[in-house]
Amino acid sequence: TIGAQVHVLDFEARTWDHFKPAVSGGIKKIINISVDSEKIRYVVDPLRGEVIINSPDGQFVAAIAGEEKMKPVGLAVSEERIYIGDLEQKKVHVYDKARRQLLFSIPHNEDNKAEKLFAPTNIALDQKGNIYVSDTGAFRIQQYDPEGNYLRTYGSHGDSPGQFARNKGIAVDRNGIL
């Protein structure tokens, strides 16, 4: 974060490179990054309130800033969508990747305590398109279907098996193991 750059390690080619995301006014703080199958780079800058999109060669493509003030931290990218965890609005915003337009936000029903998010810090997707959100503020993982409908909660606050204390990173492997 100090150098506002991303280090790129290619284990097959045995190379180590870096790039500074290109954007007018410069990057303020890099907190997360995702790279899609076309090697497009999506960089989260919560101080700018944007996700910066750069081409594989590091050129600026676009920025997603949201319609309201946003503090993006979590990020996942699929073939068709961009998922942004927003600490400011306590939601995950789902964008159409090609048009970069907001499709919907999660949770759909903020009044339902079970599906509500408090601090959506990281996001993972499984092969079926289900969305997993590491909710640091609620000490749990929330699962939603591809359209953002709440499915279930994993974990609770504590230090016993199945409990979390400030959970952050999250991943789902090829076998669907969370």
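Rules used in this analysis
- Counting starts from 1 at the beginning of each chain's written sequence and moves along it residue by residue.
- Only residues with pLDDT of 70 or above have their local features reported here, since the model is predicted, and side-chain atom pairs are shown and tallied only from 80 upward, although totals for entire chains, interfaces and linings are computed over all residues.
- Side-chain numbers here rest on the full set of heavy atoms in the structure, without hydrogens or water.
- Helical segments are the DSSP runs of H or I of at least four residues, strand segments are the runs of E of at least two, and each set is numbered from the N terminus.
- Burial classes: relative accessible area under 20% of the type maximum marks a residue as buried, over 50% as exposed, and values in between as partly exposed (1.4 Å probe, protein chains only).
- Whether two residues are in contact is decided by their heavy atoms: any pair within 4.5 Å suffices.
- We define a salt bridge as a side-chain nitrogen of Lys or Arg found within 4 Å of a carboxyl oxygen belonging to Asp or Glu.
- Pairing between strands is defined by DSSP: at least two bridges between them are needed.

Q: Outline the environment of Lys39, supporting the account with residue identities and numerical values.
A: Note that Lys39 resides in the loop between strand E3 (32-35) and strand E4 (41-45). The exposed category is assigned to Lys39, whose relative accessible area is 57%. Not counting residues up to four positions away in its chain, the partners in contact with Lys39 are Ser55 and Pro56.

Q: Explain the pattern of salt bridges to me, using residue names and the numbers behind them.
A: For the structure shown, the criterion picks out 6 salt bridges. Lys97 serves as the salt-bridge partner of Asp36, at 3.0 Å between the closest nitrogen and oxygen. Within this pair, whereas Asp36 is found in the loop between E3 and E4, its partner Lys97 is found in the loop between strand E9 (91-96) and strand E10 (101-106), the two being separated by 61 residues in sequence. A salt bridge links Glu147 to Arg81, with the nearest nitrogen and oxygen atoms 3.3 Å apart. Placement of Glu147 in the loop between strand E13 (140-144) and strand E14 (150-154) and of Arg81 in strand E8 (residues 81-86) is noted, with a sequence separation of 66 residues between them.

Q: Could you give an account of the pairing of strand E7 (residues 72-77), with specific residues and numbers?
A: For a regular strand, side chains alternate in direction, first toward one face of the sheet and then toward the other. Summarising burial for E7: 6 of the 6 residues are buried, a large majority. Strand direction decides the pairing type here: E7 and E8, joined by 5 bridges, are antiparallel. Opposite Val77, over in E8, you have Ile82 as the bridge partner. The hairpin turn running from E7 into E8, its antiparallel successor, is 3 residues long.

Q: If you had to explain unusual backbone geometry to someone new, which residues and values would you point to?
A: The linkage connecting Ile106 with the following residue, Pro107, adopts the cis geometry, with an omega of 5 degrees. Position of Pro107 among the secondary structure elements: in the loop between E10 and strand E11 (120-125). A positive phi angle, near 70 degrees, is found at Lys39, a position not held by glycine. Positive phi outside glycine occurs at Arg100, with the angle close to 55 degrees. Structurally, the position occupied by Arg100 is in the loop between E9 and E10.

No statement about biological role is implied by the geometric values presented.
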